[in-house]
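Topology and contacts: notes
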Amino acid sequence: MSVDLYELVVGLEVHIQLLTKSKAYSADPAEYGALPNTNISVITLGHPGTLPRFNAQVAEYAVKLGLACGCEIRRENQFARKNYFYADLPKGYQITQDKTPICTGGKIRIKLDGVVKDIALTRIHMEEDAGKSMHDQDAYDSLVDLNRAGVPLLEMVSEPELRSAEEAYAYLTEVRKLVRYLEICDGNMEEGSMRCDANISVRVRGAKEFGVKVEVKNMNSIRNVQRAIEFETKRQISVIESQGIIDQETRSFDAVNGTTFSLRSKEKANDYRYFPEPDLTPLIVTPEYIEEVRQMMPPLPEALHDRFTGEFGLSEYDAGILTDSKPIALYFADLTSHTENYKAAANWMNGPVKSFLNERALEMHQFPLQAAKIAELIALIDAGKISFSAASQKLFPYLTEHPEANALEVSETNNWLQNEDSASMDEWIQEAIARYPEKVLEYKGGKTGLIGLFMGEVMKLSQGKADPKKANQLMRDALHKI
Amino acid sequence: MTVNTTVVDELAHLARLSYKNEAKEEIVSDLNKIIAFVEKLNEIDTDGIEPLIYMVDETNVVRPDIAHLEISQGDGLKNAPKKDSDYFRVPKVIEQ
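Quick look at the structure, then. Computed from a predicted structure; not experimentally measured. (Residues numbered from 1 in each chain as written. Chains lettered and ligands numbered in written order. Predicted model: local features only at pLDDT ≥ 70, side-chain atom pairs only at ≥ 80, totals over all residues. Heavy atoms only, no water.)

A few words on the side chain of Asp145(A). With respect to the helices and strands, Asp145(A) occurs in strand 11 (residues 141-145). Buried within the structure, Asp145(A) lacks any salt-bridge partner; Lys132(A) is the closest side chain of opposite charge, at an N-O distance of 6.9 Å. A polar atom in the side chain of Asp145(A) sits 3.0 Å from the backbone nitrogen of Asn147(A). Other than its neighbours up to four places away in sequence, Asp145(A) contacts Pro36(A), Asn37(A), Gly131(A), Lys132(A), Met134(A) and Tyr87(B). (Helix = DSSP H or I, 4+ residues; strand = E, 2+ residues; numbered from the N terminus. Buried < 20%, exposed > 50% of the residue type's maximum accessible area, 1.4 Å probe, protein only. Lys, Arg positive; Asp, Glu negative; His and termini not counted. Salt bridge = Lys/Arg side-chain N within 4 Å of Asp/Glu carboxyl O. Polar contact = N/O pair within 3.5 Å; in protein donor to acceptor, adjacent residues only side chain to side chain. Contact = heavy atoms within 4.5 Å.)

This part covers the sheet that holds strand 10 (residues 132-134) of chain A. The strand order across the open sheet built from three strands is 10(A)-11(A)-2(B), with neighbouring strands paired in antiparallel fashion. Looking at the sheet topology across the chains shown, the edges are occupied by strand 10 of chain A together with strand 2 (88-91) of chain B. Along the sheet, successive strands turn relative to each other by an average axial angle of 35 degrees, direction set aside. Two strands pair when backbone bridges link them, and strand 10 of chain A and strand 11 of chain A are joined in this way by three bridges, in the antiparallel orientation. Among the inter-strand pairings, Met134(A) is bridged to a residue of strand 11 of chain A, identified as Leu143(A). (Pairing = 2+ DSSP bridges. Axes fitted to C-alpha atoms, helices over the stretch in contact; angles between N-to-C directions.)

When you tally the buried positions in strand 11 of chain A, you get five out of five residues, the bulk of the element. Burial along strand 11 of chain A is two-sided: Asp141(A), Leu143(A) and Asp145(A) facing one way and Ser142(A) and Val144(A) facing the other are all buried. Taking the residues between adjacent antiparallel strands as the criterion, strand 10 of chain A and strand 11 of chain A are bridged by six residues. Pairing analysis gives four bridges linking strand 11 of chain A to strand 2 of chain B, with the strands arranged antiparallel. Bridge pairing in strand 2 of chain B places Leu143(A) opposite Arg89(B).

All names here are of chain B. A cluster of nonpolar side chains, contributed by Ile34, Phe37, Val38, Leu41 and Ile44, occupies part of the molecular surface with about 550 Å² of accessible area. With respect to the secondary-structure elements, leucine 41 resides in the loop between helix 2 (23-39) and strand 1 (62-63). By relative accessible area, leucine 41 is classed as exposed at 56%. (Patch = residues over 30% accessible without salt bridge, like charges linked within 9 Å, V, L, I, M, F, W, Y side chains within 5 Å. Areas by Shrake-Rupley, 256 points an atom, 1.4 Å probe, with all protein chains shown as cover.)

We now examine the interface of chain B and chain A. Each partner contributes to the interface: chain B provides 37 residues, whereas chain A provides 51 residues. Both faces considered, chain B and chain A share a buried interface measuring about 3900 Å² in area, 59% of it formed by carbon and sulfur atoms. Three residues stand out in chain B for area buried against chain A, namely Tyr54(B), Arg63(B) and Asp65(B), and they jointly supply 20% of the buried area on that side. Joining chain B to chain A, the criterion identifies three salt bridges. Note that Arg89(B) is salt-bridged to Asp141(A), the shortest N-O span being 2.9 Å. Inspection of the region where chain B meets chain A yields 24 residue pairs in polar contact (both at pLDDT 80 or more). Listing elements by their share of the side of chain B that touches chain A, those giving two or more residues are helix 1 (5-14), strand 1, helix 3 (73-78) and strand 2 of chain B. Of the residues assigned to the side of chain B that touches chain A, the class counts are 19 nonpolar, nine polar and nine charged. Here strand 2 (residues 54-55) of chain A runs beside strand 1 of chain B; their pairing, made up of two bridges, is parallel. Bridge assignment links Asn55(A) to a residue of strand 1 of chain B, and that residue is Arg63(B). (Buried area = accessible area lost by both parts, 1.4 Å probe. Nonpolar A, V, L, I, M, F, W, Y, C, P; charged D, E, K, R; others polar.)

Structural measurements only, silent on function.
This is the structure we're talking about:
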């Protein structure tokens, strides 16, 4: 199979379940995990004579996401009915937006191996989720839970501009990061609060026309989207290579063996017979409203990343880790208002702080120390009062247990401060040299790597209090003089 | 447009309706009559006129995001043709 001959073309549809308290068009709770069929209302159940009422929060979240992606925000929004029959859609139609999506255009910026690529968005529109059907609980019946029916969603549709499974992975990672920064969705693909359908086709490299696209569903992690695209690429190329024809169809991903299988063939194409929803009045999004929402926008990962690499001079790598989640990025930003040693601040975040959280499976907001306290540690190290190893291995763990303690006082009491008395430093150095007369000769003979041995001895004798940098210099001088 | 048996079959599929085959001719003729009647509207010149979708002029009829429950699980399940203590039960809609 000559893979290089072909080019992969992918567009992604992402469903973003919004973190509202109530549903999109009715007041019953939108929370996840309640007992089946308890978060319901007559509107959710589609009872005759009931009328929907739009949840204002949904518009705010849609505008937030649109602003974050640089979309154009539509002034006059209508809702539409998408008609189909399914047991978990009691009304017989989904209230969505058809011809007037609230957001059009915009982009998601991805970075892959240092290369920046903007993936254009087609649209973002507001709609509602369906209920949940369970087919494997009973031999004859499907069980329907309508708690999720009517929960608000944003559907984000990309242009078919993704060219590899890795790009799709990077795209979804960015979308998830964005919705979490905006706090409009928890971005949990495993629990289904963020879902993704992939439109996948291949064509001969350089061809102008797209190949026949296949829609793949049911990938419950970003990694599985990548796996599904990798599998589909190979499958479609092998069909083409064996003179076959790709069916335009919907396929489902099987996570167990990493393959896709046909879900329904095109025998009866769906016809959703969209028409305007007359029960909901138009939603007018004014420039004043958009400005109001703009004022509420939190700092976004891209802006923070630029600030961290620009103003603070951090590496792409450090800035990438620090902006991965909003709580970490904001903590770091707070830390930089207490210290100017940005590199040290980044190292503390990505080193001791991260390890502390990982070892205890804690989130950033559960971290016991104020950013100012970490800045105190950095200041003590920079002043040469304590070594990094004593600070990170002794003082830091102590402070996490006693967040109110004064870093300097604690270090004094526990004798963790670096001994700057050069007299004792000199003693340790002489002692270390005296212990290994033969090694001194070898060192003088050119085995300069032995400096490590002497240094180790000094650190042992000083019980870790010697400033390694200073000790190293003094040790070299001492050996040189012999 | 003209309705034929193919169109009726498609509509019936979308509407999940079934009917006896002998009824098909009658449905075709009824639907054609209805469409002919409605097509009378095409005689009116509507160029440059916005379609009327809403019967009121109001916009932004919204509610704040406050959750409250008005019916219980028992109330919700009451009218279902088939149910158990927690779920609506429907004929299996997917082949395993």
